[in-house]
Amino acid sequence: EQASPDMSEDPGGWLALAQVIARRAGGALREAEGGEARTIEVLLPRVFSLPRPAEGGAPPDLRGAESLLVLDDDLHLRAAVAAVLRQLGYDVHAAEDVDEALAIQRSGRCPLTLALVSADLPVGPLEAARALQRGQPELRVLVLARQAAGDALVVPCSFEALAARVRQAIDARPT
């Protein structure tokens, strides 16, 4: 069970983190007036929405139990993506660079199903993917990009978009 952080310990740090996340997502923070309590609203654009199922239809199940790796040198983005995927039931490992990712892969705790690799890595996403696939050829790779580029998932994005693309990448037939 995870303990909730005490916001009173470092409210300025939490506010700064919220500002960074909101800005990266194309949003903003707004302070709301409301008596003695200080309220901060986080305003984020909706960038993707899953189609609603027809009346009586069940929504697609986007959860999973597979083992995933998030490889991104941006601490905040890496943590946010990992947190969302953990909420969906995935076993998530996070790495800042290729060497750390390879160490996680070599630990052999469980085989990775999918690696989410940042397009902004110094070595580049293709070289990172090749390095990971040398040790595990069947490993699938989903590239995370800050702007539209090929088939990459543009981040930050909505939880639904992340969940749908991860599930799609896992379930896709090998090419």
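Structural notes, computed from the coordinates. (Residues numbered from 1 in each chain as written. Predicted model: local features only at pLDDT ≥ 70, side-chain atom pairs only at ≥ 80, totals over all residues. Heavy atoms only, no water.)

Our focus in this paragraph is the overall build of the protein chain. Within the protein chain, the secondary structure is distributed over five helices and seven strands. Shown N-terminal to C-terminal, the secondary structure of the protein chain runs as helices and strands in the order α-β-β-β-α-β-α-β-α-β-β-α. Out of the 175 residues belonging to the protein chain, those deemed buried represent 33%. For the protein chain, long-range pairs separated by at least 24 residues make up 61% of all intrachain contacts whose partners lie at least 6 apart in sequence. Of the roughly 11100 Å² that the protein chain leaves accessible, carbon and sulfur atoms contribute 53%. (Helix = DSSP H or I, 4+ residues; strand = E, 2+ residues; numbered from the N terminus. Buried < 20%, exposed > 50% of the residue type's maximum accessible area, 1.4 Å probe, protein only. Contact = heavy atoms within 4.5 Å. Areas by Shrake-Rupley, 256 points an atom, 1.4 Å probe, with all protein chains shown as cover.)

This part covers unusual backbone geometry. Going from valine 155 to proline 156, the amide bond is cis rather than trans, its omega being 0°. Structurally, proline 156 can be placed in the loop between strand S7 (153–154) and helix H5 (159–171).

We now examine helix H4 (residues 125–135). Of all the residues in H4, the buried ones are Pro125, Ala128, Ala129, Ala131 and Leu132. Across the axial projection of H4, the buried residues extend over an arc of 160°, all falling on one side. Along H4, exposed side chains directed more than 90 degrees from the buried face belong to Leu126 and Arg134. Where H4 is buried, its residues contact strand S3 (67–71), helix H3 (98–106), strand S5 (114–118) and strand S6 (140–145). (Arc of directions from axis to C-beta.)

Attention shifts here to H5. With 13 residues, H5 extends 18 Å between its outermost C-alpha atoms, agreeing within 8% with the 18 Å of an ideal straight helix rising 1.5 Å per residue. Here H5 has its buried residues at Ala161, Leu162, Ala163, Ala164, Arg165, Val166, Arg167, Ala169 and Ile170. Buried residues along H5 sit in contact with S3, helix H2 (75–87), S5, S6 and S7. (Expected span 1.5 Å × (residues − 1).)

In contact at an axis separation of 10 Å, H3 and H4 are set at 20° when each is read in the N-to-C sense. The angle between the axes of H3 and H4 places the two elements in the roughly parallel class. Crossing hand, H3 versus H4: right-handed. Note on element contacts: H4 touches H3 through Ala128, Ala131, Leu132 and Gly135, opposite Val98, Ala101, Leu102 and Gln105. Among the residues forming the contact of H3 with H4, the class breakdown is six nonpolar, two polar and no charged. (Axes fitted to C-alpha atoms, helices over the stretch in contact; angles between N-to-C directions. Parallel < 35°, antiparallel > 145°, perpendicular 65-115°, else oblique. Left-handed = near helix turned anticlockwise from the far one by under 90°. Nonpolar A, V, L, I, M, F, W, Y, C, P; charged D, E, K, R; others polar.)

So, about the packing of H2 against H5. Put simply, H2 and H5 touch, their axes get as near as 10 Å, and they point 70° apart. With respect to H5, the element H2 is oriented roughly perpendicular. Across from Val81, Val84 and Leu85 in H2, the residues of H5 making contact are Phe159, Leu162 and Val166. Looking at the contact of H2 with H5 residue by residue, the classes come out as six nonpolar, no polar and no charged.

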